[in-house]
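# Working through the structure, step by step
What follows is the residue order along each chain.
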Amino acid sequence: MPPMPPKIRRRGPLAWISDHLLLAATVVIFIFMLLPNAVILVMSFNAPIGKYDYIWNHFSTEAWAHPCANQALCSSMGLSLEIGGIATVVSTALGTMIAFAMVRHRFKARSGINALLFLPMAAPEVVMGATLTALFFNTIGPGSLGFWTITIAHVMFCLSYVVVTVKSRLAGMDPMLERAAEDLYATPTQTFMRVTLPLVAPGIAAAALLAFALSVDDYIITAFTAGQRTTFPMYIFGSVQRSYPAQIDVIGSIMLLGTMLIIAVSTVLGRMRATRR
């Protein structure tokens, strides 16, 4: 007699749910995260009836045609971009050097510095803003609060995020690659420029983008250290009490689309480099 074929056990609905639960949760989380961005993009094409762009009225490109109809809105956005650019460059440069020192060298204060780097990330922003205000009041005076005090504060809290991001990239890098370059008679400068820096560059770029986003987005610490200056988050917080024009959604959509474009370009370049290798 030929052997009997094995019986195929039918899987119940619970087994199907358990197999697809992780995928379903991931899709729901992504929808939850991206839905506000989609709402901002849609409402940027709205022609509001009154002062508040909260309820859909009808389609219009007026806000996109005149994004700077309110001059104070664009000036506050320009101030945030300027501060964010300086804070990103300074914090990324200092944070990268600190990350290299923490990963590649052993010294007595290493564990203490490592713990101190997490304080700006763990401390409440209200407390940090109040302490920075007290520091600036007692050093440069209350009348000096403005552009540079905001920039210094942003560099301070962005620095920790840069160090943590670059450190994780350095920790996952194979040290044998640098040793192989040294065995091939490469100088320390050549090893760093041709081996170390290209491998760490994605981590540095990610840290820079994170620092820029944190700087442009910050409100609490900025409100304590701004003096008479008004950044984009401060303008939005103040305008919500009086009006909410569609131009705010336009600028938010531009920032969203610009970020997506940067991510897409970096992904394409990464795949092109991987293909060439």
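Residues numbered from 1 in each chain as written. Predicted model: local features only at pLDDT ≥ 70, side-chain atom pairs only at ≥ 80, totals over all residues. Heavy atoms only, no water.

Looking at an unreviewed UniProt entry, the protein carries the name ABC transporter permease, with the source organism given as Streptacidiphilus cavernicola. In the Subcellular location (unreviewed entry) part of its UniProt record, the protein is described as follows: "Cell membrane". Heading Sequence similarities (unreviewed entry) of the UniProt record for the protein holds this comment: "Belongs to the binding-protein-dependent transport system permease family. CysTW subfamily." (UniProt positions renumbered as here; feature names shortened; annotations may be inferred.)

Summing up its helical and strand segments, the protein has twelve helices and zero strands in all. Listing every helix and strand of the protein by position from the N terminus yields α-α-α-α-α-α-α-α-α-α-α-α. The C-alpha atoms of the protein give 25 Å as radius of gyration, which overshoots the globular expectation for 277 residues (19 Å, by more than 25%). C-alpha atoms of the protein, sized along the principal axes, occupy 90 × 60 × 35 Å. Residues classed as buried in the protein amount to 31% of the 277 residues present. A separation threshold of at least 6 residues defines the contact pool for the protein, and within that pool the share at least 24 residues apart is 73%. Carbon and sulfur atoms form 70% of the exposed surface of the protein, whose accessible area is close to 18100 Å². Across the protein, the mean location of the 19 positive side-chain charges is 11 Å away from that of the 12 negative side-chain charges. (Helix = DSSP H or I, 4+ residues; strand = E, 2+ residues; numbered from the N terminus. Rg over C-alpha atoms; globule rule 2.2 N^0.38 Å. Buried < 20%, exposed > 50% of the residue type's maximum accessible area, 1.4 Å probe, protein only. Contact = heavy atoms within 4.5 Å. Areas by Shrake-Rupley, 256 points an atom, 1.4 Å probe, with all protein chains shown as cover. Lys, Arg positive; Asp, Glu negative; His and termini not counted. Charge placed at Lys NZ, Arg CZ, Asp CG, Glu CD.)

Let's shift gears to the UniProt feature "domain: ABC transmembrane type-1" (unreviewed entry) in the protein. Under the feature "domain: ABC transmembrane type-1" (unreviewed entry), the UniProt entry names residues 77-269. The distance from the first to the last C-alpha atom of residues 77-269 is 29 Å, and the span holds 81% helix and 0% strand.

All right, on to the state of the cysteines then. A complete count under the given rule lists one disulfide for this structure. Between the sulfur atoms of Cys68 and its disulfide partner Cys74 the distance amounts to 1.9 Å. With the S-S bond torsion at -95 degrees, the cross-link from Cys68 to Cys74 turns out left-handed. We classify Cys74 as buried; its relative accessible area is 17%. (Disulfide = S-S within 2.5 Å.)

In this section: the packing of aromatic side chains. Enumeration according to the criterion identifies seven aromatic pairs in this entry. Between Tyr219 and Phe237, the aromatic rings sit 4.9 Å apart at their centres with planes inclined by 35 degrees, giving tilted as the arrangement. Of this pair, Tyr219 sits in the loop between α9 (188-217) and α10 (220-225) while Phe237 is found in helix α11 (residues 232-240), placing the two residues 18 residues apart along the sequence. Pairwise contacts between aromatic rings join Phe45, Phe59 and Trp64 into one cluster. (Phe/Tyr/Trp six-rings, centres within 6.5 Å; stacked < 30°, edge-to-face > 60°.)

A separate point is the environment of Thr131. With respect to the helices and strands, Thr131 occurs in helix α6 (residues 125-139). On the basis of relative accessibility, which here comes to 47%, the residue Thr131 falls in the partly exposed class. Separated by 94 residues in sequence, Thr131 and Thr225 place their C-alpha atoms 10.0 Å apart. For Thr131, the side chain forms a polar contact with the main-chain oxygen of Met128, separated by 2.8 Å. (Polar contact = N/O pair within 3.5 Å; in protein donor to acceptor, adjacent residues only side chain to side chain.)

Side chains that are nonpolar tend, in soluble globular proteins, to be buried together. The biggest cluster of nonpolar side chains holds 18 residues, and the ones touching the most others in it are Leu132, Val166, Leu170, Val200 and Ile221. Of all elements in the fold, only α3 (71-104), α6, α7 (147-171) and α9 reach the threshold of two or more residues within this core. Ranked by residues supplied to this core, first place goes to α7 with six residues. With residues up to four places along the chain from it excluded, the contact list for Leu132 reads Ala153, Met156, Ile221 and Thr225. (Core = buried A, V, L, I, M, F, W, Y, C linked by side-chain atoms within 4.5 Å.)

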